[in-house]
Structures are given as C-alpha cells and as structure tokens.
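Notes for the structure review
As a plain string of letters, each chain reads:
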Amino acid sequence: MDKKKFGNFLKQLRKDKKLSQNEFADKMSEWYGRELEDGTISKWECGKSIPEISLIEDIADFYHVSVDEILNGQYSYDIKLMEKYFICDNQWHIRFTESDNLYEIREEQELLIESRFKELLKKMVDVGLTVSEDREFDFIAMHFYRIFLPAVNCKNDEIYRSSGLGECESIMDIVGCGYDVLSIGGLSDIKLEIHRQSALMHKSSVEEKFWEANKKFVFSKHQNIWDDVSDVIEEAEDEVRRRISKLDEYEKDILLAALQTINVTHRYGKFNVYEKQFHKKYDEEELTKRGIKLLIECGAKLNKVLLGYWKIVVQEFEIADILGRIYDKYRRPIIVPVCEQGRYRYFSVENTKNNRIKKGIAEDDIFGGFGEKDIEALEIRLYNGERKVLKPFKYWICGENEEGAYLHARREILGLSLKDYLDNRDFDLTEKLLKDLSNLPLEKLREIYFPSEYRGEYIEDSNKLTEDEFQKKYYIEVAVNE
C-alpha cells in the first residue's frame, strides 16, 4: 500500500468538500461517533500513518467512495482512464519496444486528449455533461491541462519593467500563467465559473461560449510544438504539419506571432553536426522562413493584437532631488584618504572621470537614467518654476524568448471576444507575407508584417499636443531608453 498516495487521496477528498481538518474531524464525531486526536488527520494525509479498517469504512461512507478506492489512493474510474490516456504516466514509453515510433504514439495520444477535451468542454457549455463524462473531463484537465488566469495587477508597470510579462496571482490551488497542474478544488472553481459565464451568455452561440471557456485552459504538452518546429522540421516536417493542423486557430496564430522576434533554430545548429546531417549550411533565417511558411500553410494568420509592442511608460521625478543626486556623483569633490606615518589625512580632489574610476565609482547613470549631461536642461526647468519632470522609458512587452512571447499572446487572447479575435485575423496580409517569403530578407519581412508598435499616453500626447506643449510636458532632451 502506498501511504503517500493514500494520504494525498484523503486530502483531495477533503479539499473537494471544502473542509478543514478540524471540520472533517467534527463531522466524523457528529455522524459516526469517532473522536480523533489532534494531528491524526494530518498524519494520515502526510502518509505517516493509516487509520484502522473500520474507520476507513466510515471515511469511505462519508465521502461516498469505496474502501478499495481509498486504499488504492485513486478513484476506480481513474484506472480505466489511465489506460486510455496512458501518457499521463511519465514513464509511458517503457511499455513499447525500440521498433515502435514513440513520436507517432505520443502524437496520437495528444490528439486524442485534445479532441476529447474540446468535445467535452463544448458539451459542458451547451447541454451539460453526464456523471461519467464529468469525471473524464476532470481526469483530462488535471493530468494534461493548466489554467491561464491573469491577476488584477497584470498591467502593473513595475512588473512589465522587470520581466515584460504580467504577474499572475494564485486562485485557490491554481497558479496563473498555466504553470501549475490543476487540483480538484481549483478545477471545481473553474467549472463553476464556466457555468456562471455560460449562463450569462445565454443569448450567445455555443461557439462563443466555448471560446470563452476554452481559452482559459492550456494544454500542458503544447510547448512541445516549439521543439517540434525547431528540432524536427528537417527530419519530420509532415508530422509537424499534421500536429499543428490539429491546433485551434488562435493557437496557430500565437505560434506565428511569436516569430516576430524568435528564430526557428535546430538542436544541431551549434554543434557543427547540422551540415554533416543534412548536407547544407546551417541558416537560421532560412529555417525561420520555413517555419513561417509551414504555419501559414497549416492555417495560421497574422493577427496584430498578438504581436509584441513597445510600451512607453512615463515616470515622474522631483527636479531638485535629481539635481542633488547628479551633483553628488559628478560635481562634488572626491575625498581621498592618504596614510602618512601611520596616520590618515584626507584630501579633496577634482571630480573627473579618471578620478571617479580610480575611486571605484561606477560610470553608469543615476536612478532614472539621468546623468551629468542633464544638469543644464534640468537647471533651466527649475529656474523657470518647474518642480517635477516627466520622463519616458521604453519597454518591450512580449518577453525575451518563445515562452515569453507565447504567454504574452495568451494574455491578449483572454481579453478578446470571439468576434474581436476573428475580425483581427488578416487573411490578405498573410497571403502577401507568404508570397514575399522568397523575395525579402527576414529583417524586412518582420518590419512589414510583424511591426512593433509604440503604445502609451506618451504616444497619444505626441499626436494631439503641439510641439511646444509636448516639449514642456515631457523631458525628452535625452532619448528614450533603448
């Protein structure tokens, strides 16, 4: 008997009923006359001990499960589903021989899981699920899906500045951005939210309800597609094409949008194996173009709302405070200690770049990117009666790799209705991109078809304010940070 599995199942059952350990103990006392000592339930759930068989029978009766299910540490229907969806076991490949094509087996399983999940989810928002279907949905969701819910503070500028991605808060046992497997309790909350949302959308079509529900879930195997495009495109393009063709349209669009900044690479590219393996020079630009072509031919479309963009964030500074800091670093005389006959004497030397280097003072700008070059402009503003200054900063909102680009696009999808998403899919522009792939370099293609827009109040003001008004409102003598 696996005590750890036994304990986790007891904990899962208790959480599913939304009971604390004390509340469960009270129920056992009230309904079955069982007086449990403090810490007993905790020991069970940690796998440190197990209750006697008669007590297990009462626990099974309370949770409406069988004794065997409690002893096995899982629902009996899980066993059949584990056979049907066997890649839930990380060691699934050991059941096959070397002659079996593991890639095709994994692909068939993933397509089965995704298609069945979407079939069940669509039925859930339409007519509802049967008991057995609901259990199957729970199994698939908990083993293969993650939830994607941004927090309220997802648009916090500080978060954008540090990572280029929004921060996600935990909801129940769910961690945002799709990086934690769903728990039973967390999944119950999500399902309730889906039912509530579907009820509010009673005048909407089943497709619109499904859209709102489906975009909350992330297939945990989805990131493997990046490996497929990058590492298998040379060896097994047909398999990659078939895999991508089965994705939802928005998932294809997300992969295409990520190529705004991310190149398609190959695992052999950096090890001088590529040329020997494929008898041609390794060319990331050509591979990336090939990836773009493959995605478009599989149904991906350009969608400007999924692209990364530059966010211009404006920060307010006290002019006197900034001038004080600049003076302290660049104008205040440097004090140098000199030891003479065992005693230290201190001398004041001119604050020059060479002396700062000798003193070990870093030459980087002070807080806010201000430096010695800004003194004159700031002094003029202070002399003219200004007390504060607004300075713009530029930040890339998309992440620095395929994972960041993927999360950015997923976050944008969450805020779109089905109509808004479909309206922004640009079929004509996508067709032009496909024709230009062989004629233009990748840099030019990205400039035309994957433009990096600038957004923010600063950009809006630049269009509606006069040049004098704009110069007065913003401190733009120093270029926006690159």
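Above this text you will find the structure in question.
Section: the overall build of the protein chain
On a plain count of helices and strands, the protein chain comes out with 25 helices and 9 strands. Taken over 482 residues, the protein chain has a buried fraction of 45%. Considering only intrachain contacts with a sequence separation of at least 6, the fraction spanning at least 24 residues in the protein chain is 72%.

A look at empty space enclosed by the protein
This model, assessed by the stated rule, comprises 6 cavities of 30 Å³ or more. As for the second largest cavity, its lining consists of Glu114, Phe117, Lys118, Tyr145, Asn214, Phe217, Phe219, Asp248, Tyr250 and Glu251. Secondary-structure elements contributing two or more residues to the lining of the second largest cavity are helix 7 (102-126), strand 2 (217-219) and helix 14 (249-258). With 3 residues, helix 7 is the single largest residue contributor to the lining of the second largest cavity. For the lining of the second largest cavity, the class distribution of residues is 5 nonpolar, 1 polar and 4 charged.

Overview of the nonpolar core
By size, the foremost hydrophobic cluster in this structure holds 42 residues, and its most contacted members are Leu256, Ile292, Ile413, Leu433 and Phe450. Where this core is concerned, the elements lending two or more residues are helix 13 (237-245), helix 14, helix 15 (274-278), helix 16 (284-297), helix 20 (402-414), helix 21 (418-423) and helix 23 (442-449). One finds Phe86, Ile87, Met142 and Phe219 within the second-largest nonpolar core, a separate group that totals 28 residues.

Examining the packing of aromatic side chains
In total, this model carries 20 aromatic pairs according to the counting rule given. Relative to Phe217, the ring of Tyr145 has its centre 6.4 Å away and its plane inclined at 85°; by these criteria the two rings are edge-to-face. Here Phe217 lies in strand 2 and Tyr145 lies in strand 1 (residues 145-147), a separation of 72 residues in the sequence. For Phe217, a relative accessible area of 2% corresponds to the buried category. Relative to Phe219, the ring of Tyr145 lies with its centre 5.2 Å away and its plane at 45°, an arrangement referred to as tilted. Taken as a pair, Tyr145 in strand 1 and Phe219 in strand 2 lie far apart in primary sequence, 74 residues in all.

A look at the pattern of salt bridges
Evaluation of the coordinates by the stated rule reveals 31 salt bridges. A salt bridge links Glu45 to Arg14, with the shortest nitrogen-to-oxygen separation between them at 2.6 Å. Taken as a pair, Glu45 in helix 3 (residues 40-45) and Arg14 in helix 1 (residues 3-16) lie far apart in primary sequence, 31 residues in all. Exposure class is identical for Glu45 and Arg14. Each is buried. Note that Arg116 is salt-bridged to Glu136, the shortest N-O span being 3.0 Å. A residue pair is termed long-range when its members are at least 10 positions apart, and Arg116 in helix 7 and Glu136 in helix 8 (residues 131-144) qualify at 20 residues.

Here's the deal with the sheet that holds strand 7 (residues 388-397)
The 3 strands are arranged 7-4-9 in an open sheet whose pairing can be described as mixed. Each having just a single partner strand, strand 7 and strand 9 (454-455) make up the two edges of the open sheet. By the bridge criterion, 10 bridges tie strand 4 (residues 309-318) to strand 7 in an arrangement that is antiparallel. Paired with Val314 across the bridge in strand 7 is Pro392.

Brief notes about a nonpolar patch on the surface
Among the surface-exposed residues, Ile335, Tyr344 and Tyr346 lie close enough to one another that they form a single nonpolar patch of about 390 Å² accessible area. Mapped onto the elements of the fold, Ile335 is located in strand 5 (residues 334-340). Here Ile335 falls in the partly exposed class, since its relative accessible area comes to 46%.

Brief notes about unusual backbone geometry
The residue Lys18 is not glycine, and still its phi comes out positive at about 55°. Positionally, Lys18 belongs in the loop between helix 1 and helix 2 (21-32). Residue Gln341 is not a glycine yet carries a positive backbone phi of 50°. Note on placement: Gln341 falls in the loop between strand 5 and strand 6 (343-349).

Regarding the pairing of strand 4
Relative to strand 9, strand 4 runs parallel, the two sharing 2 bridges. When the bridges of strand 9 are listed, Trp310 appears paired with Tyr454.

As for the side chain of Asn303
Looking at the element boundaries, Asn303 is found in strand 3 (residues 302-303). Those residues in contact with Asn303 that sit more than four places away from it in its chain are Asp253, Tyr421, Asn424 and Arg425.

How each quantity is defined
Residues numbered from 1 in each chain as written. Predicted model: local features only at pLDDT ≥ 70, side-chain atom pairs only at ≥ 80, totals over all residues. Heavy atoms only, no water. Helix = DSSP H or I, 4+ residues; strand = E, 2+ residues; numbered from the N terminus. Buried < 20%, exposed > 50% of the residue type's maximum accessible area, 1.4 Å probe, protein only. Contact = heavy atoms within 4.5 Å. 1 Å grid on protein atoms, 1.4 Å probe; cavity = no way out; pocket = protein on both sides within 12 Å on 5 of 7 lines; lining within 4 Å. Points joined across faces, edges and corners; volume = space filled by probe spheres on them. Nonpolar A, V, L, I, M, F, W, Y, C, P; charged D, E, K, R; others polar. Core = buried A, V, L, I, M, F, W, Y, C linked by side-chain atoms within 4.5 Å. Phe/Tyr/Trp six-rings, centres within 6.5 Å; stacked < 30°, edge-to-face > 60°. Salt bridge = Lys/Arg side-chain N within 4 Å of Asp/Glu carboxyl O. Pairing = 2+ DSSP bridges. Patch = residues over 30% accessible without salt bridge, like charges linked within 9 Å, V, L, I, M, F, W, Y side chains within 5 Å. Areas by Shrake-Rupley, 256 points an atom, 1.4 Å probe, with all protein chains shown as cover.

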